[in-house]
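# A structural walkthrough
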Amino acid sequence: MEAVPGGRWVAEIYGCDLEVLENPKMVEAALLDAVMRLGAPRGSAQSVVYKFHPQGLSAAVVSPVAAVMIHTWPEDGASAALDLYFYRDGVDPEEVLKGLSRAFGAKEESAFRYWRGTEHAIRRRAFGGQQGG
């Protein structure tokens, strides 16, 4: 099988700086930087941020070649879930994830890396012969 460029990384970060995690403009700036570092051309990214009340937010920055999403849980030890999608060779998603962890002041991280077109821990399974209904 031919290798397909890109992949998806899913991460949880913990012990973040609550002032950053609750600031929509700072979160958006961090995600925009991450998308650019994943290979997006300047000016190609679009973002949406939704601030929950009394706390928390969800945000996404997408481009033709990369996307980064976050959902925060300030009430749960100032944690957040991150999804990074990238579609180009020659990017370093590990460094991008480290940069996001630094931007949010995270003290811990757990992550799953899924490279497209390769073997990985999550198995794909078919549901042969089943009809929707």
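Look up: the structure comes first, before these words.
Residues numbered from 1 in each chain as written. Predicted model: local features only at pLDDT ≥ 70, side-chain atom pairs only at ≥ 80, totals over all residues. Heavy atoms only, no water.

### Structural notes on the overall build of the protein
- If you tally the helices and strands in the protein, you get three helices and six strands.
- Listing each helix as α and each strand as β along the protein from the N terminus yields β-α-α-β-β-β-β-α-β.
- For the protein, the residues scored as buried account for 36% of the 133 residues in total.
- A separation threshold of at least 6 residues defines the contact pool for the protein, and within that pool the share at least 24 residues apart is 62%.
- About 8,100 Å² of surface is accessible on the protein, with carbon and sulfur atoms providing 52% of the total. (Helix = DSSP H or I, 4+ residues; strand = E, 2+ residues; numbered from the N terminus. Buried < 20%, exposed > 50% of the residue type's maximum accessible area, 1.4 Å probe, protein only. Contact = heavy atoms within 4.5 Å. Areas by Shrake-Rupley, 256 points an atom, 1.4 Å probe, with all protein chains shown as cover.)

### Looking at the pattern of salt bridges
- Under the defined criterion, the tally for this structure stands at four salt bridges.
- A salt bridge links Glu22 to Lys51, with the shortest nitrogen-to-oxygen separation between them at 2.9 Å. With Glu22 in the loop between helix H1 (18-21) and helix H2 (24-37) and Lys51 in strand S2 (residues 46-51), this residue pair connects regions lying 29 residues apart in the sequence.
- Overall, Lys51 belongs to the partly exposed group, its relative accessible area being 21%.
- Note that Glu95 is salt-bridged to Lys98, the shortest N-O span being 3.5 Å. A residue pair is termed a helical-turn pair when its members lie 3 or 4 positions apart in one helix, as Glu95 and Lys98 do in helix H3 (residues 93-103) at three residues. (Salt bridge = Lys/Arg side-chain N within 4 Å of Asp/Glu carboxyl O.)

### Quick look at the nonpolar core
- In terms of nonpolar packing, the biggest core is built from 31 residues, with Leu31, Ile70, Leu82, Leu84, Leu100 and Phe104 touching the most fellow members.
- Elements with a contribution of two residues or more to this core: strand S1 (7-14), H1, H2, strand S3 (57-62), strand S4 (66-73), strand S5 (79-86) and H3.
- A total of six residues in this core trace back to one element, the largest contributor, which is H2.
- Not counting chain neighbours up to four residues away, the residues in contact with Ile70 comprise Val27, Leu31, Leu57, Ser58, Ala59, Ala80, Ala81, Leu82 and Phe104. (Core = buried A, V, L, I, M, F, W, Y, C linked by side-chain atoms within 4.5 Å.)

### Observations concerning the pairing of S3
- Here S2 pairs with S3 via six bridges, running antiparallel. Opposite Ser47, over in S3, you have Val61 as the bridge partner.
- Connecting S2 to the antiparallel partner S3 that follows it, the hairpin turn spans five residues, and Gly56 within it adopts a positive phi of roughly 95°.
- With five bridges joining them, S3 and S4 adopt antiparallel strand pairing. In the sheet register, Ser58 faces S4, and the bridge partner there is His71.
- The antiparallel hairpin formed by S3 and S4 contains three residues in its connecting segment. (Pairing = 2+ DSSP bridges.)

### Let's talk about unusual backbone geometry
- Residue His53 is joined to Pro54 through a cis peptide bond whose omega torsion reads 20°.
- The phi angle at Ala78 is positive, at roughly 55°, despite the residue not being glycine.
- Tracing the backbone through its elements, the reader meets Ala78 in the loop between S4 and S5.

### Concerning H2
- In this model, H2 (14 residues) spans 20 Å end to end at C-alpha, consistent with the 20 Å of a helix rising 1.5 Å per residue.
- Within H2, burial applies to Val27, Ala30, Leu31, Ala34, Val35 and Met36.
- Of the surrounding elements, those touching the buried residues of H2 are H1, S3, S4, S5 and H3.
- Of the residues flanking the end of H2, it is Gly39, one or two places downstream, whose phi is positive at about 110°. (Expected span 1.5 Å × (residues − 1).)

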